[in-house]
Amino acid sequence: MPKAAFLALLLLMLTPAASAQVGQWDGVELAQLTIHQRIVIRIPRILGGRPEQRSEPPAIRWTEKKGPRCVPMDALEGAIITGRDSVDLIVADGTRLRAGFDDNCPALDFYSGLYVKGTADGMICADRDSIRSRSGSACRIDGFKRLVAKR
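Okay, so let's go over this structure. Here the residue numbering is sequential within each chain, running from 1 through the sequence in written order. Local features are withheld for residues below a pLDDT of 70 in this predicted model, meaning they are given only at 70 or higher, and side-chain atom pairs are given and counted only at 80 or more; totals for whole chains, interfaces and linings count all residues. Computation of side-chain values covers all heavy atoms of the structure but excludes hydrogens and water.

**Quick notes on the pairing of strand β10 (residues 138-149)**
Phase 1 of the analysis: Examined bridge by bridge, strand β2 (residues 62-66) and β10 share five bridges and lie antiparallel to one another. By the bridge assignment, T63 is partnered in β10 with V148.
Phase 2 of the analysis: A pair of strands counts as paired when DSSP detects no fewer than two bridges linking them. Strands are runs of DSSP state E lasting at least two residues, helices are runs of H or I lasting at least four, and both sets are numbered from the N terminus onward. Pairing analysis gives six bridges linking strand β6 (residues 96-101) to β10, with the strands arranged antiparallel. Within β10, the position partnered with A99 by the bridge is F144.
Phase 3 of the analysis: Here three bridges tie strand β9 (residues 130-132) to β10, and the two strands are oriented antiparallel to one another. In the sheet register, S130 faces β10, and the bridge partner there is R140.
Phase 4 of the analysis: Taking the residues that link successive antiparallel strands as the turn, the β9-β10 hairpin has five residues, and the phi of G136 there is positive, at about 105°.

Below you can see the structure in the form of structure tokens.
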């Protein structure tokens, strides 16, 4: 029994007016149980190899198209920092999404990967969820853009 509850019960038993009321609580055991659950999903940052170890493919230019409002968390496979205020997310089906942040949130904080808190619906949504860095900073997602390679 927690100390505070025990002391409160003891004080009630010592007061004459409350002693008659305490009798009705005989046999009742008080307990408190608190369960905390936190799920954090780490999305690794994708890095290229050293320039001398890889052949340079032609640079891909991306065009932004309208993106989804929400993305399933379990579909995210990696992240690439490509801009000052955005992070590109690689999805399991091969698509690439750009998560845009507001102006005062530098994407460079995500140099060693990023984290997303798990949600009840298993989705990461724009205007609701944030992406977190290892250093503790968090950036709220303003929106997703689907990226398509320019031809």
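**Quick word on the pattern of salt bridges**
Phase 1 of the analysis: Salt bridges are defined as contacts in which a side-chain nitrogen from Lys or Arg sits within 4 Å of a carboxyl oxygen from Asp or Glu. If you walk through the whole model with that rule in mind, you get five salt bridges.
Phase 2 of the analysis: Between R96 and D88 there is a salt bridge whose closest N-O contact spans 3.2 Å. No difference in accessibility class separates R96 from D88, as the two residues are buried.
Phase 3 of the analysis: A salt bridge links R98 to D88; the shortest N-O distance between them is 2.7 Å. Highlighted residues: R98 in strand β6 and D88 in strand β5 (residues 86-91), separated in sequence by 10 residues. The burial state of R98 is the same as that of D88; both residues are buried.
Phase 4 of the analysis: One connected set of salt bridges, linked through shared partners, spans E64, D88, R96 and R98. Categorising residues by exposure relies on relative accessible area from a 1.4 Å probe, with only protein chains included: less than 20% of the type maximum marks a residue as buried, more than 50% marks it as exposed, and the intermediate range marks it as partly exposed.

**Things to note about a negative patch on the surface**
Phase 1 of the analysis: Like charges within 9 Å and nonpolar side chains (Val, Leu, Ile, Met, Phe, Trp, Tyr) within 5 Å are joined into patches, using only residues over 30% in relative accessible area that form no salt bridge. Using a 1.4 Å probe, accessible areas were evaluated by the Shrake-Rupley method; residue-level cover was limited to the displayed protein chains. When charges are counted, neither His nor the chain ends are considered; positive counts come from Lys and Arg and negative counts from Asp and Glu. Charged groups are reduced to one reference atom each: NZ for lysine, CZ for arginine, CG for aspartic acid, CD for glutamic acid. Taken together, D85, D102, D103, D127 and D142 make up a surface patch of like negative charges.
Phase 2 of the analysis: In this fold, D102 is placed in the loop between β6 and β7 (114-117).

**Remarks on the environment of V40**
Phase 1 of the analysis: For V40, the position within the fold is in strand β1 (residues 40-43).
Phase 2 of the analysis: A sequence separation of 77 residues divides V40 from K117, and the C-alpha atoms of the two residues are 4.6 Å apart.

**As for the side chain of D129**
Phase 1 of the analysis: Here D129 is to be found in the loop between β8 (123-125) and β9.
Phase 2 of the analysis: Contacts are assigned to residue pairs that have any heavy atoms within 4.5 Å of one another. Not counting residues up to four positions away in its chain, the partners in contact with D129 are T119, M123, I124, C139, R140 and I141.

**So, unusual backbone geometry**
Phase 1 of the analysis: Notably, D127 is not glycine yet its phi reads approximately 60°, a positive angle.
Phase 2 of the analysis: Note on placement: D127 falls in the loop between β8 and β9.
Phase 3 of the analysis: Taking the relative accessible area as the measure of exposure, D127 reaches 47% and is therefore partly exposed.

**Quick look at the nonpolar core**
Phase 1 of the analysis: Nonpolar core, defined: a set of buried Ala, Val, Leu, Ile, Met, Phe, Trp, Tyr and Cys residues in which side-chain atoms within 4.5 Å join the residues together. Counting residues in hydrophobic clusters, the biggest one holds 21 residues, and the most contacted among them are I124, I131, I141 and F144.
Phase 2 of the analysis: Among the secondary structure elements, those contributing two or more residues to this core are β4 (76-81), β5, β6, β7 and β10.
Phase 3 of the analysis: Excluding anything up to four places from it in sequence, F144 contacts G67, P68, R69, V71, L89, R98, A99, I124, C125 and A126.

**Focus on the pairing of β5**
Every regular strand shows the same layout, with side chains that alternate between the two sheet faces.
Phase 1 of the analysis: With six of six residues buried, β5 is to be regarded as a mostly interior element.
Phase 2 of the analysis: The alternating pattern of β5 places S86, D88 and I90 and V87, L89 and V91 on opposite faces, both of which are buried.
Phase 3 of the analysis: In this sheet, β5 lies alongside β4 in antiparallel orientation, the contact comprising five bridges. Within the sheet, the bridge partner assigned to I80 lies in β5 and is D88.
Phase 4 of the analysis: In sequence, β4 turns back onto β5 through a hairpin of four residues.
Phase 5 of the analysis: Note: β5 against β6, five bridges, orientation antiparallel. Paired with S86 across the two strands is G100, which belongs to β6.
Phase 6 of the analysis: What sits between the antiparallel neighbours β5 and β6 is a turn of four residues, in which G94 has the positive phi angle 95°.

The analysis is restricted to geometry; functional conclusions fall outside its scope.
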